[in-house]
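Structure assessment
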Protein chains: 2
Amino acid sequence: MTRLMLILRFDGRGYHGWQVQKNAQSVQQTLQDAVEQVTGVRSGIIGCSRTDSGVHADMFCCTTDTNSKLRGEAMVTALNANLPRDIAVYECREMPQDFHPRYSALGKRYIYRIWNDKARNPFQEGLAIHIRRPLDVELLNTAAQDYIGTHDFTSFCSAGSGVQDTVRRVTRCEVAREGLMVTFLVEADGFLYNMVRIMVGTLLEISAGKREYNSIPDIIAAKVRSAAGMTAPACGLMLDKVFYDF
Amino acid sequence: MTRLMLILRFDGRGYHGWQVQKNAQSVQQTLQDAVEQVTGVRSGIIGCSRTDSGVHADMFCCTTDTNSKLRGEAMVTALNANLPRDIAVYECREMPQDFHPRYSALGKRYIYRIWNDKARNPFQEGLAIHIRRPLDVELLNTAAQDYIGTHDFTSFCSAGSGVQDTVRRVTRCEVAREGLMVTFLVEADGFLYNMVRIMVGTLLEISAGKREYNSIPDIIAAKVRSAAGMTAPACGLMLDKVFYDF
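All values derive from a computational prediction rather than experimental measurement.

What about the overall build of chain A?
- Counting its regular elements, chain A contains five helices and 10 strands.
- For 246 residues, the compact-globule formula gives about 18 Å, and the C-alpha radius of gyration of chain A, at 19 Å, lands near that figure.
- By its C-alpha atoms, chain A is 60 × 40 × 35 Å across when sized along the principal axes.
- Within chain A, buried positions represent 54% of all 246 residues.
- Nonlocal contacts in chain A, meaning residues at least 24 apart in sequence, comprise 71% of its contacts between residues at least 6 apart.

So, in structure tokens, the structure goes:
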């Protein structure tokens, strides 16, 4: 058996997240179907992360073990011919047997998009959230710097994750504007359940004047979910990059 | 009666172009329905251009004459509440009675998008065309400079346009790459039927080695449609901006 890593993009609008679920379309299931079509064998696929329903990925990594002789570009082309238009594999490479898409990841980058204009943007439906009042990007970027560092992010973790170790190291956090689009970018060695969406929701409450711009250290220190802001909608979230040491 | 100019964006994937047609959904018809919902009166709407089926607009201008007292932001909000998610008005302003969205336009800018990678991009389905072989953007940009100037663009006009004056002044023409996306940008005082799509199609034939990179002046001089290349698919085309003297 050879361990193949597949790297893909998917538009999450049509899926209930990555993970296989009963009675709901998932990216994992759809990809497994395509792999089975191409290789003739049903095999498990391990992903680099769970993603919530409606969340997108510009770089999602997963592995599957196969006896198929198809490699690289030939496998990419064959899979894409069997995938719907909202999922596309763009790389396939052989990996050592001890490679795991989640445990071998050094970190991830997420981008959250906010269309910030009085009118909604037809091209961003389901890809960015829409906020009418002008956002003070400089203020939000200043506030966001307090996320950087090694912290216990319990306050930014939804219930039901079952994770024991809630310490994560955030290495980069930026709020920026390009025209009418505001983006929140965050890199960390790992993320808790709904962590990015709660980080964004908290910033939006700061922006709305419901919290002080310098309140994030206290929220982190509280170590309780109720201290932080709302969970921002899933559709604005994109897994932008997964980092590995190759 | 007050002449209102409406400025809108639309995702053309769900429409058979701007203009009202029998048995086909058009942007014009959809907007007329929304205006009627808001004002209570069915009134004609004049657009700044026809657009082909599947073509998009980031800035499309049109006018309607109304007795409604709604103005500016209130009209924008009311219209958007009555429009589907793939059309959004973002500006409404009063114009003098002699203003005409097409005849008063000084020029237009179109952008044509090409996703240039082995794998397709799920986020660009119906918004960009997909070309697998790497495009030589420097070569294409050099070739595209020959479009600039005041020329008779008959070779770049599809049959059936009925236009008498086929001379247009192209003021800007650029091919550029941002990552895996290649864009063709063109500004002119006006465009003939399918002109941008034929300009792009001709460049793609140059890129494929079917034509010399310096063949555009001869194609223009030929003044016959058959001298130019294919008409590139509609979905890559976006009306990016309409220029007026205000």
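Further notes follow.
Some points on the environment of A:Ser68
Residue and element names in this part refer to chain A.
- Take Ser68: it is sitting in the loop between strand 3 (56-66) and helix 2 (72-81).
- For the pair Ser68 and Val38, spaced 30 residues apart in sequence, the C-alpha to C-alpha distance is 8.6 Å.
- Ignoring sequence-local partners within four residues, the contact set of Ser68 consists of Thr39 and Met75.
- Engagement of the side chain of Ser68 in a polar contact is seen with the backbone nitrogen of Leu70, the distance being 3.1 Å.

Considerations on the layout of surface pockets
- Estimated volume of the largest pocket: approximately 1,600 Å³.
- What lines the largest pocket is a set of 35 residues, and nearest its centre among them are A:Arg113, A:Gln124, B:Arg113, B:Gln124 and B:Glu178.
- For the lining of the largest pocket, a count of residues per class yields 14 nonpolar, nine polar and 12 charged.

Remarks on the pattern of salt bridges
All names here are of chain A.
- Evaluated as defined, the whole model comprises 30 salt bridges over all chains.
- Residue Arg109 pairs with Asp240 through a salt bridge whose shortest N-O separation is 2.9 Å. Placement of Arg109 in strand 5 (residues 107-115) and of Asp240 in strand 10 (residues 237-243) is noted, with a sequence separation of 131 residues between them. In this structure, Arg109 and Asp240 share a single accessibility class: buried.
- Residues joined in a network through salt bridges with shared partners are Arg109, Arg172, Glu174, Glu187 and Asp240.

A closer look at the relation of the copies chain B and chain A
- With an RMSD of 0.0 Å, chain B superimposes on chain A once it is rotated by 180 degrees and translated 0.0 Å along the axis. With respect to symmetry, the two chain copies, as superposed, fit the operation of a two-fold axis. Looking at the rotation axis and the C-alpha trace of chain B, the residue lying nearest is B:Phe123, at 5.1 Å.
- The residues that chain B uses at the interface reappear at the interface of chain A in 100% of cases, marking a shared surface.

Quick word on the interface of chain B and chain A
- The partner chain A presents 28 residues to the 28 residues of chain B that form the contact.
- Contact between chain B and chain A buries roughly 2,100 Å² in total, counting both sides, with carbon and sulfur atoms accounting for 57%.
- Among the residues chain B hides against chain A, the three largest losses belong to B:Arg85, B:Arg120 and B:Phe123. Together they make up 37% of the total.
- At the junction of chain B and chain A, the tally comes to four salt bridges.

Concerning empty space enclosed by the protein
- Following the criterion strictly, the structure yields three cavities of 30 Å³ or more and no others.
- If you go around the largest cavity, the residues you meet are A:Ile114, A:Leu140, A:Val175, A:Val182, A:Thr183, A:Phe184, A:Val200, A:Leu203 and A:Leu204.
- Of all the secondary-structure elements, those providing two or more residues to the lining of the largest cavity are strand 9 (181-188) and helix 4 (195-207) of chain A.
- Per-class residue counts for the lining of the largest cavity are eight nonpolar, one polar and no charged.
- What lines the second largest cavity is B:Ile114, B:Leu140, B:Val175, B:Val182, B:Thr183, B:Phe184, B:Val200, B:Leu203 and B:Leu204.
- Among the elements of the structure, strand 9 (181-188) and helix 4 (195-207) of chain B are those that each provide at least two residues to the lining of the second largest cavity.
- Here the lining of the second largest cavity is built from residues that sort into eight nonpolar, one polar and no charged.

Things to note about helix 1 (residues 27-39) of chain B
All names here are of chain B.
- Taking 1.5 Å as the rise per residue, helix 1 with 13 residues should run 18 Å; its terminal C-alpha atoms sit 18 Å apart, in good agreement.
- Considering only its buried residues, helix 1 is in contact with strand 1 (2-10), strand 2 (45-47), strand 3 (56-66), helix 2 (72-81) and strand 4 (87-95).
- Of the residues flanking the start of helix 1, the one acting as N-cap is Ser26, its side-chain oxygen 3.1 Å from the backbone nitrogen of Gln29.
- At the C-terminal side of helix 1, Gly40 shows a positive phi close to 85 degrees.

A few points about helix 2 of chain A
- Among the residues of helix 2 of chain A, A:Met75, A:Val76, A:Ala78, A:Leu79 and A:Asn80 are the ones counted as buried.
- Against strand 1 (2-10), helix 1 (27-39) and strand 4 (87-95) of chain A lie the buried residues of helix 2 of chain A.

Points about the packing of helix 3 (residues 137-144) of chain B against helix 4 of chain B
Residues and elements named next belong to chain B.
- At a closest axis distance of 10 Å, the pairing of helix 3 and helix 4 adopts a crossing angle of 130 degrees. Between helix 3 and helix 4, the interaxial angle falls into the category oblique. Helix-helix and strand crossings are classified by hand; for helix 3 and helix 4 the assignment is right-handed. Contacts between helix 3 and helix 4 pair Leu139, Leu140, Ala143 and Ala144 from the former with Leu203, Ile206 and Ser207 from the latter.

Points about unusual backbone geometry
- In this structure, A:Asn23 takes a positive phi of about 60 degrees despite not being glycine.
- For A:Asn23, the position within the fold is in the loop between strand 1 and helix 1.

Overview of the environment of B:Arg42
Residue and element names in this part refer to chain B.
- With respect to the helices and strands, Arg42 occurs in the loop between helix 1 and strand 2.
- Residues Arg42 and Gln32, spaced 10 residues apart in sequence, show a C-alpha to C-alpha distance of 7.0 Å.
- Every residue in contact with Arg42, bar those within four places of it in the chain, is listed here: Gln29, Gln32, Asp33 and Glu36.
- For Arg42, the side chain forms a polar contact with the side chain of Gln32, separated by 3.5 Å.
- Of note is the side chain of Arg42, whose polar atom sits 2.8 Å from the side chain of Glu36.

What counts, and where the lines are drawn
- Residues numbered from 1 in each chain as written.
- Chains lettered and ligands numbered in written order.
- Predicted model: local features only at pLDDT ≥ 70, side-chain atom pairs only at ≥ 80, totals over all residues.
- Heavy atoms only, no water.
- Helix = DSSP H or I, 4+ residues; strand = E, 2+ residues; numbered from the N terminus.
- Rg over C-alpha atoms; globule rule 2.2 N^0.38 Å.
- Buried < 20%, exposed > 50% of the residue type's maximum accessible area, 1.4 Å probe, protein only.
- Contact = heavy atoms within 4.5 Å.
- Polar contact = N/O pair within 3.5 Å; in protein donor to acceptor, adjacent residues only side chain to side chain.
- 1 Å grid on protein atoms, 1.4 Å probe; cavity = no way out; pocket = protein on both sides within 12 Å on 5 of 7 lines; lining within 4 Å.
- Points joined across faces, edges and corners; volume = space filled by probe spheres on them.
- Nonpolar A, V, L, I, M, F, W, Y, C, P; charged D, E, K, R; others polar.
- Salt bridge = Lys/Arg side-chain N within 4 Å of Asp/Glu carboxyl O.
- Least-squares fit on C-alpha atoms with pLDDT ≥ 70 in both.
- Buried area = accessible area lost by both parts, 1.4 Å probe.
- Expected span 1.5 Å × (residues − 1).
- Axes fitted to C-alpha atoms, helices over the stretch in contact; angles between N-to-C directions.
- Parallel < 35°, antiparallel > 145°, perpendicular 65-115°, else oblique.
- Left-handed = near helix turned anticlockwise from the far one by under 90°.

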